[in-house]
Amino acid sequence: MAGAAADRRRFSNKEIANELSISVAPVKHYVHHILRKLQLCRRAQAMRRVRQAPWLAASPPLVRQNKQN
């Protein structure tokens, strides 16, 4: 969850967008949807939840499955 890791340092949407070389609109969109999925209203609530359950911010390992036709 890159957004959660970036927010831990309290980056603004603009700073996150600059870091990712994208516009601010997608950052706002993704932050909004992450908060909605977590059923939260504010980033501070999300960070509290990550501190309580650090596994939320951990990225699962990428596993490629070999397709056999």
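Reading guide: rules and limits
Residues numbered from 1 in each chain as written. Predicted model: local features only at pLDDT ≥ 70, side-chain atom pairs only at ≥ 80, totals over all residues. Heavy atoms only, no water. Helix = DSSP H or I, 4+ residues; strand = E, 2+ residues; numbered from the N terminus. Expected span 1.5 Å × (residues − 1). Buried < 20%, exposed > 50% of the residue type's maximum accessible area, 1.4 Å probe, protein only. Arc of directions from axis to C-beta. Contact = heavy atoms within 4.5 Å.

### Overview of helix α3 (residues 24-37)
- Given a rise of 1.5 Å per residue, 14 residues ought to cover 20 Å, and the 20 Å separating the end C-alpha atoms of α3 matches this to within 8%.
- When α3 is considered as a whole, its buried residues turn out to be Val27, Val31 and Leu35. Take α3 and look down its axis: the buried residues cluster within an arc of 60°, on one side only. Of the exposed residues in α3, those oriented more than 90 degrees away from the buried face are Ala25, Tyr30, Arg36 and Lys37.
- Tucked into the core, α3 has its buried residues touching α2 (13-20) and α4 (43-52).
- Backbone geometry just after α3 places Gln39 at a positive phi near 60°.

The quantities given are spatial measurements derived from coordinates; they are silent on function.
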